[in-house]
Each structure stands twice: as C-alpha cells, then as structure tokens.
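The primary structure of each chain is shown beneath.
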Amino acid sequence: MNDEEYNIEYFKEKELIRKKCENCGTYYWTRDNDRKTCGDAPCDIYSFIGEPIFKERSVEQIRESFLSFFESHGHKRLKRYPVVARWRDDIYLNIASISNFQPFVTAGKVPPPANPLVISQPCIRLEDLESIGKTGRHLTAFEMMGHHAFNKRGEEREETGERSGETGEIYWKNDTVRYCDEYLRQLGVDMDGVTYKEAPWVGGGNAGPCLEVITSGLELATLVFMDLKLSPQGQIHIKGERYDKMDTYIVDTGYGLERFVWASKGSPTVYDAIFPDMIKELLNAAGIVHPLETHHELIMQNARLSGAMSRREIAKRVCISPEALKNILGPIESVYAVSDHTKCLAFMLADGIVPSNAKEGYLARLVLRRAFRMLKSLDIAIPLEELVLKQIKTLKNSFPELEESVDRIVEIIALEKSRYDETLLKGGRIVKQLAKQSKLKAQKIHLDKLIDLYDTHGLPPEFVSEVVSTQGVAVDIPENFYSLVASMHGEEQKRVLEPLLDGLNEKTESIPATLKLYYDEPSAFEFDAVVLDSFDDFVILDKTLFFPEGGGQPADTGFLTLEGENRTLKVQDVQEVEGVILHKIENGGGISKGSVVSGHVDAERRIAHTRHHSATHIVVCAARKVLGSHVWQAGAQKGEKRARIDVTHFKRISDAERREIELLANRMVMEDNEIRARFEDRKEAEQKYTFGIYQGGVPPGKAIRIVRIGEDEDVQACAGTHCAKTGEVGPIKILRTERIQDGIVRIEYSAGEAAVLAVQAQEELIKVAAATLKVPPEKLPHTVERFFEEWKQLKKENERLRDDMAMLQIGLLKDHAKDVSGVRVIAEVLPDADTKDMMKIASQLTEDGFLTLLISERGKRASVVSSVPRHLKAEISASELVKRVCEVLGGSGGGKAEIAQGGGEKVEMVEEAMVAGIKLIQDLQK
RNA sequence: GGGCUCGUAGCUCAGUGGAAGAGUGCCUCCUUCGCGAGGAGGAAGCCACGGGUUCAAAUCCCGUCGAGUCCA
C-alpha cells in the first residue's frame, strides 16, 4: 500500500512526525521526537498497569462521553443492533459496528440510517475463546464504539440534494484523525504518549489504509479508511489478494470501550476493570483470594508484561517457575473467563439465540459449556443462570431490553446444564470402558481415540484424562489438540455453489426492470405485454403477472400466446435477476423483440401458493405467541399441497403446543383481518418494526415490501403474494412437527382446500384401520393396544408349543437312528419344520450323543441343520457336512463345528442331498 | 451448511453373518424377630421402522424416524 495514503494534513498541522519502529519495522506517527518504538505490544509493555493514563471512569461514563462528543460534532447517535447478525448471511454474530451496515450500505446500495453516525455496538467474537481470561485483554463480548461516515465518489446527486449528506464526501482521513486526537485530549490522555501506527486493514472482502491508536502499550482504537474491495482484476495487491477502488469510501472506526475503562483504572486486567463485582462474588463462592492481594508485585509485573511476552518468558523474568506462575494465575483466570462468558451469554440469549448443534446456536452452546466446565473446576455451586441474571442486572441500565426475556434465559440455561450433565455421564461410562480395555493391554489411550471421543461424543481430552487417571491409565494430550481437530475438519469444506442464473446479469443489465403486475393485481391471471428481449430459453416482457421464485414461494407456471401467430409457449419457470423477470419457456427461441403476447397464469397453483404464503406468516406469528419471542424463522418452503417452516426453538414442540398453535392460527383466520402489503423505506421500516421483519431473509434495496397482518399483529419484509384478508387463507391444518436438528423445529401444514383434503386423508386412514378391526374409530387406540398385547402373548405361546413339539419329535426320531460307520446318526426329512425348530431338535439329540442331519422342505426352499456330538467334531465338522449337503441343493451354508445350518432352492434334490451327506460321514470316519 | 457416532430386557450396555446375551432393577421362594445382605428360581425383547443383499441379517447396503456430537 502506498505510503502517500498516510500523508495526512492534520499530522503536519500538529507537527507529528513519521518514524519507523526499531523493533518491528512498522511506520508510526508521534509527537515525541525521542520515541524509538511504535508503542504497541510486543514492542512496548503495558505501562498503564498501576499508573492509569487518565481519570478513572466507568463503562457508562466512557460510553456516554464518546457518544456525546461525536453528537456535538454533527453525528447522529444510533441505538445498538442485535448481537446476532440477522441481516447478514455470511456471519452469525455481530463482530464490529461496521457489520451493521454491511453489505448494502457499505456497497452504496442502501443509504445509511444517518450520515455521519455514532454508535456503541455490543459485539461478540469467539475466535480467541481459549485465551479468554488468560491474556488479560481478550473479551468475547465487548462494545465497539464507532463513528462512521459514508462517502461517495463522483458528482452524482441523484436525489437533487434532498438529503445533502447522502452523496459526496462527509469527511475523510483528516477529520477522523482530528476527532480522535481531540477526544483523547478531552479524556485527559497525555498526547505525547500517543502513537498512530500504520497498519493496512483487510477484512470481509474490503480493505484500506488504517491507523492504530496506541498509548502505553495498549491499542485503544482503530481508524479504518475503507476504500477498496476484493476484485479479481484489481490493480492493488494486498496480502496476496487483488483489490480495486470502491465507488464508496467509508470511515470505519472502532474504539474499544472496555479498553478505555481499563486504561482509566490501570487494573491488572481488563476483567478487573469491568467486572469487579462479579469477580468478587465468584472468588467468594470459590473460597479463594484474588492473587492481587497475596502476590501483589508478581501480578502487577505479570500484567505489564503480558502483552509483550509469553507466559514462559514472564516466569523467567520474574524469577519463578512457569508451573508456580500457572498455579497462582490458574484459578483467577477461570474466574475472569466466567465473568466474561456470563455477559456474552446475557447478550446472546436475550437477543434470541437458541443453543443448538449448528450455526449460531452452536456458538452459544460452546460458551455455555465452557462456563459450566469452569464453574465446576472452581467448585462453585451457584447455577450459571443466576450469574447471567446478575450480569443482566448490572447491564440493564444501559440495555433495558435484556430484562425482557429472563424467564426464557433461565429455562434455556437450566436445560443446557442438564443436557451437558447427561453428555458427561454418558461420556464417563464410555471412557471407563475404554480405560478398562487399555489397562488390559497395558497401553496408553491412543490419540485417534482421543480425537474420536471429542468429535463424536463431545468429550474434551481434559475430561478423558481425568476419568482415565482414576483407572490408572495414562493419556498424552498434544499441545495442539484442538487445532488438530480443526484442521481435520478444514479439509472437508469443498462446496461449489452453481448459481442457476450465473452470467445472466450482463444480459439483463441494459434491460429496464419488469413491471410487477402481480403486486398491483393480485387476483388477475391474464395480461398482455410486449417482448423486450429473448435469448436462450428465456423471454423478458415489459410487464408480467408471473411471480418469480423467491422467499420460499415457487415460481408461477402457465403459458404465453404470441399474438397473430397462434403459438403458445409453456412457461416452466420464472426467475428475477436485479429487477428483470425472466420467463423460462419450454422449447423457447425464435421470439422476436417487440412481439405482443398475452399471458395466462395457472390460477389454481398460484392461489394455493398465495394461501400457503399468508398461512406461513400466520403460523409463525402463532408459534411466536405460543413458544416465545426467540422463535425465528430458519427456512421455509411453500407448495400447492402443503408448506413448511423451520423455526428456532430449544425443545420439541409438544402435542399440546402444536394444537395451541393450530388453534391460534385458525383464530387469526376467522378474525378475517386485512393483510396489507406495500413498499416502505428500508430504514424507516427497520426502526418502526424492528429487525423482526427479516424472519424470511434480508431483501436488497432501498425500499422493501412490508406485509402486515391486522393491526401489525405480524409484520414481515416479504416479496411473496398474499391474500387480501386472513379469511381467504381458509382452514390451516398442522400436519406434523419434527425436530430437524437441535434447536430447530419444523412445522408442516396445509391451508385452504389443501387443508380440507389433508384432514380427509387422515380421516380416511383411521376409517380404513378401524374398519379392518371392525371397531368404531374412537375405539382404535384401545383395540390396537389389545391386539398388540394379544399378538405378543400368542407369539410366546407359539414358541412354547413349538418347544413341546420338538421334544415330542425327539422321542420319535431316536427310534429312527441308524449306525453309520459306528456313529449313531439321525438323518431325517422333516417336511414342515423351520430352521429354528430343527436347531432345537438337533441340539437336544446331540446332547444325547447323536449326530443329526435334518432337512426340511417348505415351499420353494429346503433348509438343512446338522449337529455333531462334541467328541466327534474333530473328525466331522457340522459346518462341512451342511456345506456338502447344501451344494446338492444348489445353495450354501455354514456355522460352527458342533452345529450348523444352511439351505438351497432345489427342493426336488432332497433325497440325493441326504445320500451325499451320509456318504460324507462314512468317508470322514474311515 | 458439512462430517462423525448411536437406537438391543424397565435402566446401563455386550454382541462384525450362523439358536437373543450380561449387569442391575422387578416377581416368587429359601435364610432372618425385622432391616440390610446372601442363596434358588422366574417373568420381561416387533434387536427403532421400511426396503435390499444372502441358504441365513440385531450384525452388511439403501432409505425413514429418533438421539448425541464436532467443525465452518
């Protein structure tokens, strides 16, 4: 990146000079002529520990000072966004204040909610989960304070200055640095100690120059000047990728709220600065003393060095063994981590994440289980939910919304705890079993086994080691265990997405957006239009009634008739590309531009889709009422006969809940409320109806279509077709619910005529079943149970009778015994016996000293059983005997030397088979 | 979204193609003043479901349903 990028006017004006760090070689700007290093860790140590940089302030004070500083400089203050990034499909969690505005605002497709703006955004990052508590500075949940300005290149003032801030430049590098300088000065930071380090920034497909703002070894803020985007033909090379200038250029700043508080307190760790009460309570409960009191100097020294060097190096420096240092720090590190995790969970769960084994739910479970583990290692009996509630109590002044869902949070955490206990209980048994085997073989537990236990059963190696050591078996856990597991999974991800309409953008670019008649005339099915273009199998019209696939609603079908040509074209599929609607025609082609066509939409299909779409909104709304506000749509599919939605929920839907949802949904239908759909301004809609409107996904564009039921009973951003009133949906029948994965349940239902048909079909099933048993339907459950019981009884009785018969037959068969080369042999054909019967007979006879060869013929198949007394099995193997006999029968067999079975299909060869068997016995006895 | 594992007696689980097993709990009897404990016997299985391969499937293959777990 060009050095010129950092040649900022303000630096010159204030006489900052550019220097090169003697340690790491990066360039930085400073007011201090004598400075030699960049000021960042590891080049400098944390010199603020014990010596705060400015007057002590609380989290609330820093947040307010930042927001009001920028407010007084023309920035609009925004409320926080959720920590779950519902408006994005590339990330699960909100990782930075700029995430709120990606991808549409940053790409210039949607205007920002305000410009410039300032926000303090709670963010969650789990990349460093393992180091939380250990480094003294990492947090999973933190607030990123940011001021943003969205600038546009060029002179295009499309809205003729209606909003002056919407085009052109708001401010760029110079003002950004000035604001930062002034804000730090206002806090009372010694400006001579501040360095601005040049550090090109790359992330999420964007890049740009960046300044890291550092003092006393601590990076307080990052000033990013985002003006590049990933581009295959780009001219600018950064870190092996190619980038190009964007049409927009954006000021993206991130001030670490917690770091400012830490710097103002000079405490050993950031946790001590922001969670003092929680830490006190945890230490109390664990019955331990903060090492700051017992090892004051050591802790302070460790804290100062912790940014600059590894644990091992620190131990050497302070003249103590690494093990001793670890013993002193271990417990407090767990306390720190729990303090952090409880806050993280408060935000995650309050913002509606349902713990599960996939997507963002898995991330919540990860944090939950780490917290459970550490509470256990600290021997703290306070339930985790209580600690999370305590966090919410301290956070509620700033974030009152966290308090709204405490009941659900408590239920979820308790449920997760019992599931985790269950997993460990099961795991303990598996590991003990394994330990027993290893002990027998006098082996250690193999690494493969360790990975398998973690991967398939969720048992961390530490847990395995703990259990196994009680059995006297050793385990070696490699340092890089978790990265080994991760790299194992890394190879799997080869996913190729082949977009159906790839490459069509270029062809549709020059064509004006199609007029969407289906919105204005929802109940019309015939229209006239003009062909604008036609290529491959696609036809583009100036306007259309054909609904394109989207939002889980399938495309309309029907046909187009070419005027004057008497030719009909079957419309198979309809797709939308950037506002242009493409009709896929069966055997398309040869349609000239400018032709006039009349279109006919398959009305029955469309009406069914429309009903199911409106029904979907109603069912989700009902589900939210019954199950809770955390219910979030995770996928949907509408069809002609049925539709389904997947929603997040932390347990199975019970039968009672299912009936309740169905009842509420049908009540909404009977209330016959209006369903209104209209385009609204995106940012106004977001503010008016919250992000809940994005249940079905996030549509692009400045204006989004909002569908409202009744008095805003349900509001969704939705591009689908809808009934005008809920009554038109008709009856809604939930067909079934299913848990498609942990944390997500699927509801399948039919609406309108399809619902009636579905009920009739179910009724029919019951009728047929009842008719077979000759009982009225209401007696079915009782009768079926009785039949099943009777069937089991009869089966047992049958078994007993067969035993008896076998015993009887044994007596008869003994009389038929013949002597073959000195062996008492019973070789018989038993017409109706099955293999099991013959086994019983054979084994009993063998106990009495007979060699048996029994053959039965049942239907098209002959079965053979043979048994050999123990003293003969060395000479004659039953298995060999059966094989020989079955060969004649055209089949095969096998078993043990004492008793074997087999069969074949040549029933007519039974006599020959018997002869062959006896001959073999004679031969073997010679 | 992708991967892995598991569904066998009320419970916990063995069982890698050849007769459905163990421990524990349950029932009956014996021993004991009674409890605990011990001894003898017994009941209890659609081996999750549906297909396929095979002379033969709890076991192998495919699908469905259910449970668990790891990764992005």
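Keep in mind that this is a model prediction, so the values were computed, not measured. (Residues numbered from 1 in each chain as written. Chains lettered and ligands numbered in written order. Predicted model: local features only at pLDDT ≥ 70, side-chain atom pairs only at ≥ 80, totals over all residues. Heavy atoms only, no water.)

Student: Describe the nonpolar core, and please don't skip the residues or the numbers.
Tutor: Judged by nonpolar contacts, the single largest core of 154 residues is most densely connected at Tyr196, Tyr255, Phe260 and Met348. Element by element, the count of residues in this core is highest for helix α10 (residues 322-350), at twelve residues. Structurally, this core is a two-domain feature, drawing no fewer than three residues from each of domain 1 (45-169 + 201-266) and domain 3 (606-767). Among all residues touching Tyr196, those that are not within four sequence positions of it are Phe11, Leu16, Tyr27, Tyr28, Trp29, Val177, Cys180, Asp181, Leu211, Glu212, Val213 and Leu223. Listed in part, the 30 residues of the second largest apolar core include Leu627, Met668, Val729 and Ala751. (Core = buried A, V, L, I, M, F, W, Y, C linked by side-chain atoms within 4.5 Å. Buried < 20%, exposed > 50% of the residue type's maximum accessible area, 1.4 Å probe, protein only. Helix = DSSP H or I, 4+ residues; strand = E, 2+ residues; numbered from the N terminus. Domains from an automatic or database assignment. Contact = heavy atoms within 4.5 Å.)

Student: Tell me about unusual backbone geometry, residues and numbers included.
Tutor: Here the amide bond leading from Ala41 into Pro42 is cis, since omega sits at 5°, within 30 degrees of zero. Positionally, Pro42 belongs in the loop between β2 (27-30) and α2 (59-71). In this structure, Glu15 takes a positive phi of about 60° despite not being glycine. Tracing the backbone shows Glu15 in the loop between α1 (9-13) and β1 (17-20).

Student: Explain a negative patch on the surface to me, using residue names and the numbers behind them.
Tutor: Residues Glu857, Glu908, Glu911 and Glu912 make up a contiguous surface patch of negative charge. Position of Glu912 relative to the elements: it lies in helix α26 (residues 910-925). You can call Glu912 partly exposed: its relative accessible area is 39%. (Patch = residues over 30% accessible without salt bridge, like charges linked within 9 Å, V, L, I, M, F, W, Y side chains within 5 Å. Areas by Shrake-Rupley, 256 points an atom, 1.4 Å probe, with all protein chains shown as cover. Salt bridge = Lys/Arg side-chain N within 4 Å of Asp/Glu carboxyl O. Lys, Arg positive; Asp, Glu negative; His and termini not counted. Charge placed at Lys NZ, Arg CZ, Asp CG, Glu CD.)

Student: Quick one: what's the story with the domain arrangement of chain A, residue by residue and with numbers?
Tutor: Its domain assignment divides chain A into domain 1 (45-169 + 201-266), domain 2 (505-601), domain 3 (606-767) and domain 4 (800-925). Using only C-alpha atoms to locate each centre, domain 1 and domain 2 end up separated by 44 Å.

Student: Before we move on, could you go through the packing of aromatic side chains and cite the residues and values that matter?
Tutor: Evaluated as defined, the whole model comprises 32 aromatic pairs. Summarising the aromatic geometry, the rings of Phe527 and Phe546 are spaced 6.0 Å apart at their centres and angled 75° between planes, so their arrangement reads as edge-to-face. In this pair, Phe527 is assigned in strand β14 (residues 526-535) and Phe546 in the loop between β16 (543-544) and β17 (558-562), connecting sequence segments 19 residues apart. Note on accessibility: Phe527 and Phe546 belong to one class, buried. Between the NZ or CZ atom of Arg18 and the centre of the ring of Tyr27, over which it lies, the distance is 3.9 Å. (Phe/Tyr/Trp six-rings, centres within 6.5 Å; stacked < 30°, edge-to-face > 60°. Lys NZ or Arg CZ within 6 Å of the ring centre and 35° of its normal.)

Student: Can you break down the sheet that holds strand β15 (residues 538-541) residue by residue, with the values?
Tutor: Here six strands make up a closed barrel; going around it, the order is β14-β15-β19-β18-β17-β20 and the pairing antiparallel. Put simply, the sheet's adjacent strands are angled 45° from each other on average, direction ignored. Summarising the sheet, β14 and strand β20 (residues 596-601) pair through five bridges and their orientation is antiparallel. Looking across to β20, one finds that Ala529 is bridged to Val597. (Pairing = 2+ DSSP bridges. Axes fitted to C-alpha atoms, helices over the stretch in contact; angles between N-to-C directions.)

Student: A description of helix α8 (residues 296-305) should follow, citing residues and the corresponding values.
Tutor: Across the ten residues that make up α8, a large majority, seven, are buried. By the burial criterion, the buried members of α8 are Leu298, Ile299, Met300, Asn302, Ala303, Arg304 and Leu305. On its buried face, α8 sits against α7 (291-294), α9 (311-317) and α10.

Student: Tell me about the packing of helix α22 (residues 753-773) against helix α23 (residues 780-815), residues and numbers included.
Tutor: Between α22 and α23, whose axes approach to 11 Å, the crossing angle comes to 50°. Relative to α23, the element α22 is oriented oblique. Our pair here, α22 against α23, has a crossing hand that is left-handed. On the side of α22, the interface is formed by Ile766, Ala769, Ala770 and Leu773, while α23 contributes Leu780, Thr783, Val784 and Phe787. The residue makeup of the contact of α22 with α23, split by class, is seven nonpolar, one polar and no charged. (Parallel < 35°, antiparallel > 145°, perpendicular 65-115°, else oblique. Left-handed = near helix turned anticlockwise from the far one by under 90°. Nonpolar A, V, L, I, M, F, W, Y, C, P; charged D, E, K, R; others polar.)

Student: Explain the sheet that holds strand β25 (residues 714-717) to me, using residue names and the numbers behind them.
Tutor: Strands sit in the order β23-β24-β25 across an open sheet of three strands; the sheet is antiparallel. At either end of the open sheet lies a strand with only one pairing partner, and these are β23 (675-681) and β25. Averaged over neighbouring strand pairs, the angle between their axes works out to 25° when direction is ignored. Looking at chain direction, β23 and strand β24 (residues 703-709) are connected through seven bridges and run antiparallel. Within β24, the position partnered with Asp681 by the bridge is Ala703.

Student: Describe the protein's contact with RNA strand B, listing the residues and the values that go with them.
Tutor: Contacts to RNA strand B come from 39 residues, most closely from Asn357, Tyr362, Thr423, Asp455 and Arg739. The separation between a base nitrogen of RNA strand B and a polar side-chain atom of Tyr92 is 3.2 Å. One nitrogen or oxygen atom from the main chain of Gly903 is found 3.4 Å from a sugar or linking oxygen belonging to RNA strand B. Element by element, the count of residues in the surface near RNA strand B is highest for helix α11 (residues 359-377), at five residues. Here the surface near RNA strand B is built from residues that sort into nine nonpolar, 14 polar and 16 charged. (Near = heavy atom within 4 Å. Polar contact = N/O pair within 3.5 Å; in protein donor to acceptor, adjacent residues only side chain to side chain.)

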